[in-house]
Amino acid sequence: MITVLRLGHRINRDKRITTHVALVARAFGADKILVDTKDKKIEETIHSVCERFGGNFEIETGVNGKKTLREWPGEIVHLTMYGAELDRVVKKINRNSDLLVVVGSEKIPGFVYELADFNVSVGNQPHSEVAALAVFLDRYNKGSWLNKKFDGKLQIVPSDKGKKVVSKE
Ligand code: SAM
């Protein structure tokens, strides 16, 4: 099971980017996202996507980030441009444990670096939590997310031109 923890979510400033973090988590193979600030709107948006496009992805907002990190039973990966090289570290992660992948927004408190089992960089340039999460999940699950079946009410048929959507309703 893969859970993403989004730290430092600010309701007005981060609503789009946190929504994108959640959508990437869902599409790229994670099972759940935890957001450290209560935000009903984001919960509704993600529930609506799951309702239409399927899957069992879960969202919980208003969680205590520090407590989650302290009590996490499996391994913790913190994505940060200061971390160790992705390709070297990804092989060391125990695939039998529940994985928590942490992404930030602005400044990350020092305890996150301490409590993480692995501080991992997706390159050492500053970019985005959305990009870092997508690349990490792709490398971690070796691209298998592309074949994941969501079995939703709406299914998009890949197409060279135009939009093909099959509705089960
Ligand atoms: N200044 C912040 C700090 O103290 O680390 C980083 C801000 S960055 C816009 C937001 C988040 O994007 C970071 O917390 C990290 O999770 C992710 N991120 C950005 N660049 C990254 C990189 N090169 N590798 C891994 N994660 C990255």
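Residues numbered from 1 in each chain as written. Predicted model: local features only at pLDDT ≥ 70, side-chain atom pairs only at ≥ 80, totals over all residues. Heavy atoms only, no water.

## What about the site of the ligand?
For step 1, the next point in the chain: In the vicinity of the ligand there are 20 residues, among which Leu79, Val122, Gly123, Gln125 and His127 approach most closely.
For step 2, the next point in the chain: In this structure, a nitrogen atom belonging to the ligand sits 3.1 Å away from a side-chain N or O atom of His127.
For step 3, the next point in the chain: Separating an oxygen atom of the ligand from a backbone N or O atom of Glu129 is a distance of 3.2 Å.
For step 4, the next point in the chain: Look at the ligand: alone it shows 570 Å² of surface, and the protein chains cover 83% of it. (Near = heavy atom within 4 Å. Polar contact = N/O pair within 3.5 Å; in protein donor to acceptor, adjacent residues only side chain to side chain. Areas by Shrake-Rupley, 256 points an atom, 1.4 Å probe, with all protein chains shown as cover.)

## Here we look at helix α2 (residues 40–53)
For step 1, the next point in the chain: Counted at 1.5 Å a residue, the expected span for α2 with its 14 residues is 20 Å, and the 20 Å between its end C-alpha atoms agrees.
For step 2, the next point in the chain: Looking at α2, one finds that the buried residues are Ile42, Glu43, Ile46, Val49 and Cys50. When α2 is viewed along its axis, its buried side chains cluster within an angular range of 130° and face the same direction. Set apart from the buried face of α2 by more than 90 degrees, the exposed residues are Lys40 and Lys41.
For step 3, the next point in the chain: Its buried side turned inward, α2 meets α1 (15–27) and β3 (58–61).
For step 4, the next point in the chain: Between the side-chain oxygen of the N-cap and the backbone nitrogen of Lys41 there are 3.2 Å, and the N-cap of α2 in question is Asp39.
For step 5, the next point in the chain: Downstream of α2 by one or two residues, Gly54 has phi in the positive range, about 90°. (Helix = DSSP H or I, 4+ residues; strand = E, 2+ residues; numbered from the N terminus. Expected span 1.5 Å × (residues − 1). Buried < 20%, exposed > 50% of the residue type's maximum accessible area, 1.4 Å probe, protein only. Arc of directions from axis to C-beta. Contact = heavy atoms within 4.5 Å.)

## Things to note about the pattern of salt bridges
For step 1, the next point in the chain: All told, the structure shown has 12 salt bridges when counted by the stated rule.
For step 2, the next point in the chain: Salt-bridge contacts for Glu106 lead to Arg10; the nearest nitrogen and oxygen are separated by 3.2 Å. Taken as a pair, Glu106 in the loop between β5 (99–103) and α5 (110–115) and Arg10 in the loop between β1 (2–6) and α1 lie far apart in primary sequence, 96 residues in all.
For step 3, the next point in the chain: Here Lys32 makes a salt bridge to Glu60, at a shortest N to O gap of 3.1 Å. Of the two residues, Lys32 sits in strand β2 (residues 32–35) while Glu60 sits in strand β3, which places them 28 residues apart along the sequence.
For step 4, the next point in the chain: The exposure class of Lys32 is buried, given its relative accessible area of 16%.
For step 5, the next point in the chain: One connected set of salt bridges, linked through shared partners, spans Arg10, Arg13, Asp14 and Glu106. (Salt bridge = Lys/Arg side-chain N within 4 Å of Asp/Glu carboxyl O.)

## Topic: the side chain of Thr19
For step 1, the next point in the chain: Looking at the secondary structure, you find Thr19 in helix α1.
For step 2, the next point in the chain: A relative accessible area of 13% means that Thr19 is categorised as buried.

## Quick word on the packing of aromatic side chains
For any two aromatic rings, the description comes down to two numbers: the centre-to-centre distance and the angle of the planes.
For step 1, the next point in the chain: Overall, the coordinates contain two aromatic pairs when judged by the stated rule.
For step 2, the next point in the chain: Ring plane angle 20° and centroid distance 4.0 Å describe the contact between Phe28 and Trp145, whose orientation is recorded as stacked. With a gap of 117 residues between them, Phe28 in the loop between α1 and β2 and Trp145 in the loop between α6 (129–140) and β7 (154–157) connect regions that are remote in the sequence.
For step 3, the next point in the chain: With 5.7 Å between their ring centres and 15° between their planes, Phe136 and Tyr140 make a pair best called stacked. Taken together, the residues span about one helical turn, with Phe136 and Tyr140 both in helix α6 at a distance of four residues. Both residues of the pair, Phe136 and Tyr140, belong to the buried class. (Phe/Tyr/Trp six-rings, centres within 6.5 Å; stacked < 30°, edge-to-face > 60°.)

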